[in-house]
Amino acid sequence: MSSVPDAEAQTNSKELSTYWEMGISFGEIPIMAGSFKPGISVGYHVNRYLYLGGIYQITDHISRNDDSFDAKNLGFNNLQSSRERVAPRAILHARLRPHQNLPFVSLGILSNGTDKETVTFGDAEHHIGQNSYQGPITVSIKRKRAIRPALGIGYHHQFKNGWSLSTEWSFDWFNPVPAPQLTYTSDIDIQQRDLELKTVEIEREFRDNVHNRYHIFHLGMGYRF
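On a predicted model such as this, the values are computed, not experimentally measured, just so you know.

1. Re the sheet that holds strand β8 (residues 115-128)
So, step 1. Taken together, five strands build an open sheet; the order of strands is β4-β5-β8-β9-β12 and the sheet is antiparallel. Across the chains shown, the open sheet's two edge strands, defined by having one partner strand only, are β4 (60-63) and β12 (181-185). Neighbour to neighbour, the strand axes of the sheet diverge by 20° on average, direction disregarded.
So, step 2. Relative to β8, strand β5 (residues 79-86) runs antiparallel, the two being bridged by six bridges. The residue of β8 that forms the bridge with Arg-83 is Thr-118.
So, step 3. Packing of helix α4 (residues 192-208) onto the sheet brings it into contact with β8, β9 (131-143) and β12, and relative to β12 it is tilted by some 135°.

Structure representation (structure tokens):
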């Protein structure tokens, strides 16, 4: 009498543990950055504990202004705007979890394109190096593209109707944060030595910010088939 329920349970177990999944990915939280950074995700659930797949997110443009960590850390006054070009991001990875209801650990290869942020400051007094200067200045911060190993954490919840929700945050923890490429644009006549000292200061602040590590953030919805 129990053979039918047992057969149904085995079928459902198989459906929820070995299947392909495709979905959409968002790389930014709109209420924080005014952007979605959309992308796609695809992968195969080998069993309840192992998933092999990838995520790709397209180029996006963001205006963070006062919410930009790097703009604040530059140390100039009278911030006018901060505009970012966030390059494509992708990851090929394996997700491992000890139990189907627990968070997973992600191990993989991460690709980040060249990110660029342009920060504009209005007419004000700026302390640069060992001197103070008066006037507007624009700073371009560029992080070169790279392919790096990545380690992250996330969570995946599978609904019985086929839909799923997932989130992940993976970083390159194995290499130091890269030094940014800086370009200053201003009508102010700034001494070269002062610019060199300012560059060292900005690089230190840039490297101390964990968000400047090569990384990918994913918030998405998928469907199994």
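Moving on from the coordinates now.
2. Thoughts on the sheet that holds strand β3 (residues 50-57)
Each strand in a sheet pairs with its neighbour through backbone hydrogen bonds, running either in the same direction (parallel) or in the opposite one (antiparallel).
So, step 1. Overall, antiparallel pairing links the eight strands, which are arranged β1-β2-β3-β6-β7-β10-β11-β13 in a closed barrel. The average undirected angle you get between the axes of adjacent strands in this sheet is 25°.
So, step 2. Summarising the sheet, strand β1 (residues 19-26) and strand β2 (residues 38-45) pair through eight bridges and their orientation is antiparallel. Along β2, the bridge assignment pairs Tyr-19 with His-45.

3. Here we look at the pairing of β1
So, step 1. The sheet contact formed by β1 and strand β13 (residues 215-224) spans six bridges and is antiparallel. Across the sheet, residue Ser-25 finds its bridge partner in β13, namely Gly-220.

4. A look at the pairing of strand β7 (residues 104-112)
So, step 1. Across eight bridges, the pairing between strand β6 (residues 89-96) and β7 is antiparallel. Within β7, the position partnered with Ile-91 by the bridge is Leu-110.
So, step 2. Bridge count for β7 against strand β10 (residues 146-158) is nine bridges, and the pairing is antiparallel. Looking at β10, one finds that Leu-107 is bridged to Leu-151.

5. Some details on α4
So, step 1. Helix length check: α4, at 17 residues, gives a terminal C-alpha distance of 25 Å against a target of 24 Å (1.5 Å per residue), a fit within 8%.
So, step 2. Along α4, the residues that are buried comprise Asp-194, Leu-195, Lys-198, Thr-199, Ile-202 and Phe-206. The buried residues of α4 occupy an angular sector of 135° when projected down its axis, which confines them to one face. In α4, the exposed residues that point more than 90 degrees away from the buried face are Arg-193 and Asp-208.
So, step 3. The inward-facing, buried residues of α4 abut α3 (69-73), β8, β9 and β12.

6. Focus on the packing of aromatic side chains
So, step 1. Within this structure, the stated rule accounts for six aromatic pairs.
So, step 2. An angle of 50° between the planes, with centres 5.1 Å apart, marks the rings of Trp-20 and Tyr-44 as tilted. With a gap of 24 residues between them, Trp-20 in strand β1 and Tyr-44 in strand β2 connect regions that are remote in the sequence.
So, step 3. Residue class for Tyr-44 comes out partly exposed when judged on its relative accessible area of 29%.

Definitions and cut-offs
- Residues numbered from 1 in each chain as written.
- Predicted model: local features only at pLDDT ≥ 70, side-chain atom pairs only at ≥ 80, totals over all residues.
- Heavy atoms only, no water.
- Pairing = 2+ DSSP bridges.
- Helix = DSSP H or I, 4+ residues; strand = E, 2+ residues; numbered from the N terminus.
- Axes fitted to C-alpha atoms, helices over the stretch in contact; angles between N-to-C directions.
- Contact = heavy atoms within 4.5 Å.
- Expected span 1.5 Å × (residues − 1).
- Buried < 20%, exposed > 50% of the residue type's maximum accessible area, 1.4 Å probe, protein only.
- Arc of directions from axis to C-beta.
- Phe/Tyr/Trp six-rings, centres within 6.5 Å; stacked < 30°, edge-to-face > 60°.

Remember that the coordinates give geometry; whether it matters functionally is a separate question.
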